Amino acid sequence: MKVAIIDYGMGNLHSVLKSVQAVNDAGAEVFLTSDPDEVVRADKVVFPGQGAMPDCMRELNAHGLAEAVLETTRSKPFFGICVGAQLLFEHSEEGDTPGLGLFAGDVVRFAPGLTDAAGERLKVPHMGWNRVFQTRPHPLFAGIEDGERFYFVHSYRFAPATGALTLGESEYPDRFACIVGRDNIFATQFHTEKSHRAGLQMMKNFLAWDGSV
Amino acid sequence: MLAKRIIPCLDVTAGRVVKGVNFVGLRDAGDPIEIARRYNEQGADELTFLDITASSDDRDLILHVIEAVADQVFIPLTVGGGVRRVADVRRLLNAGADKVGINTAAITDPDLVRDAAGRFGSQAIVVAVDAKAVNADNTRWEVFTHGGRRPTGLDAVEWAVKMAEYGAGEILLTSMDRDGTRQGFNLALTRAVSEAVPVPVIASGGVGTLQHLVDGVKEGKADAVLAASIFHFGDHTVGEAKAAMRAAGVEVRL
């Protein structure tokens, strides 16, 4: 089995690679690649991303990878992480950037002046460990408690046009979609590669997943 | 809701973790990789490495430490110390750091913060602010450099606000008059900065008891608390710190 981690020059993917390798019990070939042909030939695809969405979209296009990403989303088990997940939407408020348009909806900034129930101001970026509530069953939730904490760092969030895409939600202070997907596609706002045991378990589940739900 | 973070800090020089009082009288605390693994197992929310190496010959040692830790520890890693150029930020991120701390260089060249945040994203840039009270009633604080010995004339609160505007994704605020003393954070300073900036603030400097961590969050309004000696010398585990925070009504990741 070949697992491609798509590298389009946006940041260091060492942790993503190491976290997949750490749970690679089945001996899959796990590699970083920026070659569209290698991406298309892989059996599974991990699509990370960090930094600003306009830069990510520009680099994805510069590497000629946008079409390869879209092709893999049609059939292969696909895991988007952070900006890699945001890129699947139609549009982001960040730099007024068009995305890949696979998911109906936008990526929007957390509103200014958020406060929690006690009236304490909430900072943006939303940074740290927050609870993830599983809003529908999914094979990638195997062995992960509902409400488990994962590591987030982001100022923009998913705003899917339809609730049908939402698989998991977090709270800051309102509920927001933090896992979206359909069929063979699964995408998280949080960083599995920085989420300790829970993140490793989710990636382990991905390696075992055949893409059906 | 979002948990308050507990961040053990590892001061590293010549490949070893050390700890001193007010940056003098360093005590050896062990192997950084082994210590990082231990804190990870205990449930640390992040780890911060401060490279206090004086000699530029030994600068690359921290890169090897970070690479080794990033291979085995899957929580966020921040590295600071001696960061002067965008190229330094890139080297540390490439070694496996998730965030890079900029301290003195932010003062001498504030555009470094803007450039680094523009290039790598605000989430990767932490500005470290070392501050001390400059009046007797602890209501005015100034930024200091060189381990708290050199005043800069900058007001600490205004400086933190400016750094957030320049693109810092987080402020690491050290109470320099408390660092290494185990007397607790300067809570008035911590609160003033945390309430002034829109980004998360990590309180640092002076933790001697678990109650100090609780106070940093509840009184100081910090989003995260950083400590070194209470963890290094076996006084407390990260787990004990979290249990104490939870008992005090602070939301933590257990």
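Residues numbered from 1 in each chain as written. Chains lettered and ligands numbered in written order. Predicted model: local features only at pLDDT ≥ 70, side-chain atom pairs only at ≥ 80, totals over all residues. Heavy atoms only, no water.

Notes on the overall build of chain B
Looking only at helices and strands, one finds 10 helices and 12 strands in chain B. Here the C-alpha atoms of chain B give a radius of gyration of 17 Å, agreeing with the 18 Å that 2.2 N^0.38 yields for 254 residues. In terms of overall dimensions, chain B has a C-alpha envelope of 45 × 40 × 40 Å along the principal axes. Counting all 254 residues of chain B, 58% fall into the buried class. Contacts in chain B between residues far apart in sequence, at least 24 positions, make up 64% of those at least 6 positions apart. With an accessible surface of roughly 9500 Å², chain B has 48% of that area assigned to carbon and sulfur atoms. Averaging the locations of the 28 positively and 34 negatively charged side chains of chain B gives two centres separated by 1 Å. (Helix = DSSP H or I, 4+ residues; strand = E, 2+ residues; numbered from the N terminus. Rg over C-alpha atoms; globule rule 2.2 N^0.38 Å. Buried < 20%, exposed > 50% of the residue type's maximum accessible area, 1.4 Å probe, protein only. Contact = heavy atoms within 4.5 Å. Areas by Shrake-Rupley, 256 points an atom, 1.4 Å probe, with all protein chains shown as cover. Lys, Arg positive; Asp, Glu negative; His and termini not counted. Charge placed at Lys NZ, Arg CZ, Asp CG, Glu CD.)

Concerning the pairing of strand S7 (residues 125-133) of chain B
Residue and element names in this part refer to chain B. Within S7, 7 of the 9 residues are buried, which leaves the element mostly enclosed by the surrounding structure. Where strand S6 (residues 99-102) lies against S7, 3 bridges are found, and the strand directions are parallel. Bridge assignment links valine 100 to a residue of S7, and that residue is isoleucine 125. Bridge analysis of S7 against strand S10 (residues 170-175) gives 6 bridges, and the strand direction is parallel. Bridging across to S10, alanine 131 finds its partner in serine 175. Note: S7 against strand S8 (residues 141-145), 3 bridges, orientation antiparallel. Residue pairing in the sheet places lysine 132 in a bridge with glutamate 142 of S8. (Pairing = 2+ DSSP bridges.)

Re the environment of Gly147(B)
The residue Gly147(B) is located in the loop between S8 and strand S9 (150-155) in this model. Taking the C-alpha atoms as reference points, Gly147(B) and Thr78(B), 69 residues apart in sequence, are found 19 Å from one another.

What about the nonpolar core?
Counting 81 residues, the largest nonpolar core has Leu47(B), Phe49(B), Ile102(B), Ile171(B) and Leu213(B) as the members making the most contacts within it. Per-element accounting of this core gives the leading share, 7 residues, to helix H6 (residues 156-166) of chain B. With 74 residues, the next largest nonpolar core counts Leu88(A), Leu122(A), Phe158(A) and Leu2(B) among its residues. (Core = buried A, V, L, I, M, F, W, Y, C linked by side-chain atoms within 4.5 Å.)

Some thoughts on the UniProt feature "active site" (unreviewed entry) in chain A
Per the UniProt record, "active site" (unreviewed entry) is found at Cys82(A), His191(A) and Glu193(A). Despite a sequence span of 112 residues, these residues sit close together in the fold, their greatest C-alpha distance being 10.8 Å. Counting through the fold element by element, His191(A) comes out in the loop between strand S13 (185-188) and helix H6 (196-208). On the basis of relative accessibility, which here comes to 9%, the residue His191(A) falls in the buried class. Every residue in contact with His191(A), bar those within four places of it in the chain, is listed here: Ile81(A), Cys82(A), Tyr151(A) and Val153(A). With residues up to four places along the chain from it excluded, the contact list for Glu193(A) reads Ser15(A), Val16(A), Ser19(A), Ile81(A) and Phe74(B). Engagement of the side chain of Glu193(A) in a polar contact is seen with the side chain of His191(A), the distance being 2.8 Å. (UniProt positions renumbered as here; feature names shortened; annotations may be inferred. Polar contact = N/O pair within 3.5 Å; in protein donor to acceptor, adjacent residues only side chain to side chain.)

Examining the packing of aromatic side chains
Residues and elements named next belong to chain A. Considering all chains together, one arrives at 15 aromatic pairs over all chains under this definition. Judged by centre distance (5.5 Å) and plane angle (75 degrees), the rings of phenylalanine 152 and phenylalanine 190 are edge-to-face. Residue phenylalanine 152 is found in strand S9 (residues 148-154), and its partner phenylalanine 190 is found in the loop between S13 and H6; the two are separated by 38 residues along the sequence. As far as the burial class goes, phenylalanine 152 and phenylalanine 190 line up, both buried. Three or more aromatic residues joined by ring pairs form one cluster here, namely Phe110, Phe150, Phe152, Tyr172, Phe176 and Phe190. Taking the ring centre of tyrosine 156 as reference, the NZ or CZ of arginine 109 above it sits at 5.6 Å. (Phe/Tyr/Trp six-rings, centres within 6.5 Å; stacked < 30°, edge-to-face > 60°. Lys NZ or Arg CZ within 6 Å of the ring centre and 35° of its normal.)

Considering helix H8 (residues 210-218) of chain B
Residue and element names in this part refer to chain B. With 7 of 9 residues buried, H8 lies mostly within the body of the structure. All buried positions along H8 are accounted for by Leu210, His212, Leu213, Val214, Asp215, Gly216 and Val217. Those residues of H8 hidden inside the fold are in contact with helix H7 (187-196), strand S12 (224-227), helix H9 (229-232) and helix H10 (238-247).

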